[in-house]
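One letter stands for each residue in the lines below.
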Amino acid sequence: MDRFYAPTSPEAQSFHRISTDYFWDSEHASLTETLMGLYASYAALSRYDSGQDLYIPPRNQGELFSTLRSYSFDAIHNLIAQSRSAMQPGGYRRACEIASKSILSVLAVKDHTAHLLELHQRPRPEDASLQCPVASPPRPLRA
């Protein structure tokens, strides 16, 4: 993950903070939409990097962004479910926007998109070494 987010980046720090402070209550600092959005973008890239729940790999930058955004929204939903404090009106939308902007900033770096797309590429059918052997034709039945 250091390739995409430095350990000192706000995303990495948010991820570490939320991961270590799993239980949140109203007496302590609550989850802000900024903290949630930054955490979600880091969590999305981490989930994609591991290949968890990736059934159809993305083929281009648009599909990659859509996959990462979906993963970040899942992370935000999970945080909301775990949080014991209410969000401010519009907080969910702002958290989603923060996560999306963070993901876009990662994809804007020259080789990040290509690297992420190559991570989970399936073998191409034209690769002869990976093709299944051709089955022999069926034999006619004797009467």
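Since the structure is predicted, the reported quantities are computational estimates derived from the model, not experimental observations. (Residues numbered from 1 in each chain as written. Predicted model: local features only at pLDDT ≥ 70, side-chain atom pairs only at ≥ 80, totals over all residues. Heavy atoms only, no water.)

### Topic: the nonpolar core
For step 1, the next point in the chain: Counting 17 residues, the largest nonpolar core has Leu 45, Tyr 48, Leu 64, Leu 68, Leu 107 and Leu 116 as its most contacted members.
For step 2, the next point in the chain: Each residue touching Leu 45, except ones within four places of it in the same chain, is listed here: Met 1, Phe 4, Tyr 5, Leu 68, Val 106 and Leu 116.
For step 3, the next point in the chain: Counting 13 residues, the second-largest nonpolar core is a separate cluster that includes Tyr 39, Ala 75, Ile 76 and Ala 99. (Core = buried A, V, L, I, M, F, W, Y, C linked by side-chain atoms within 4.5 Å. Buried < 20%, exposed > 50% of the residue type's maximum accessible area, 1.4 Å probe, protein only. Contact = heavy atoms within 4.5 Å.)

### Some words on the packing of helix H2 (residues 33–50) against helix H5 (residues 112–119)
For step 1, the next point in the chain: Across the interface, H2 lies against H5 with an axial gap of 9 Å and an inter-helix angle of 45 degrees. For the element pair H2 / H5, the angle class is oblique. Contact with H2, carried on its side by Leu 45, Tyr 48 and Asp 49, involves Leu 116, Leu 117 and Leu 119 of H5 and no other residues of that element.
For step 2, the next point in the chain: Looking at the contact of H2 with H5 residue by residue, the classes come out as 5 nonpolar, no polar and 1 charged. (Axes fitted to C-alpha atoms, helices over the stretch in contact; angles between N-to-C directions. Helix = DSSP H or I, 4+ residues; strand = E, 2+ residues; numbered from the N terminus. Parallel < 35°, antiparallel > 145°, perpendicular 65-115°, else oblique. Nonpolar A, V, L, I, M, F, W, Y, C, P; charged D, E, K, R; others polar.)

### Re the pattern of salt bridges
For step 1, the next point in the chain: Counting across every chain of the model gives 6 salt bridges.
For step 2, the next point in the chain: The closest approach of N and O atoms between Asp 111 and Arg 3, which form a salt bridge, is 2.8 Å. On the criterion of sequence distance, the pair formed by Asp 111 in the loop between helix H4 (91–107) and H5 and Arg 3 in the segment before helix H1 (10–20) is long-range, its members being 108 residues apart.
For step 3, the next point in the chain: Overall, Asp 111 belongs to the partly exposed group, its relative accessible area being 36%.
For step 4, the next point in the chain: Close ionic contact of Arg 93 with Glu 97 constitutes a salt bridge, the shortest N to O distance being 2.9 Å. Taken together, the positions of Arg 93 and Glu 97, both in helix H4 and 4 residues apart, correspond to about one turn of that helix.
For step 5, the next point in the chain: Salt bridges sharing partners connect three or more residues here, namely Arg 47, Asp 53 and Asp 74. (Salt bridge = Lys/Arg side-chain N within 4 Å of Asp/Glu carboxyl O.)

### With respect to the packing of helix H3 (residues 61–82) against H5
For step 1, the next point in the chain: In the contact formed by H3 and H5, the axes pass within 10 Å of each other and the chain directions differ by 75 degrees. Looking at the two axes, H3 sits roughly perpendicular to H5. Contacts between H3 and H5 involve Gln 61, Leu 64 and Leu 68 on the former and, on the latter, Thr 113, Leu 116 and Leu 117.
For step 2, the next point in the chain: Looking at the contact of H3 with H5 residue by residue, the class counts come to 4 nonpolar, 2 polar and no charged.

### Digging into the layout of surface pockets
For step 1, the next point in the chain: Considered as a void within the structure, the largest pocket measures approximately 260 Å³ in volume.
For step 2, the next point in the chain: What lines the largest pocket is a set of 16 residues, among which Tyr 39, Ala 43, Asp 74, Ala 75 and Asn 78 lie closest to the centre.
For step 3, the next point in the chain: Elements with a contribution of two residues or more to the lining of the largest pocket: H1, H2 and H3.
For step 4, the next point in the chain: Looking at the lining of the largest pocket residue by residue, the class counts come to 8 nonpolar, 5 polar and 3 charged. (1 Å grid on protein atoms, 1.4 Å probe; cavity = no way out; pocket = protein on both sides within 12 Å on 5 of 7 lines; lining within 4 Å. Points joined across faces, edges and corners; volume = space filled by probe spheres on them.)

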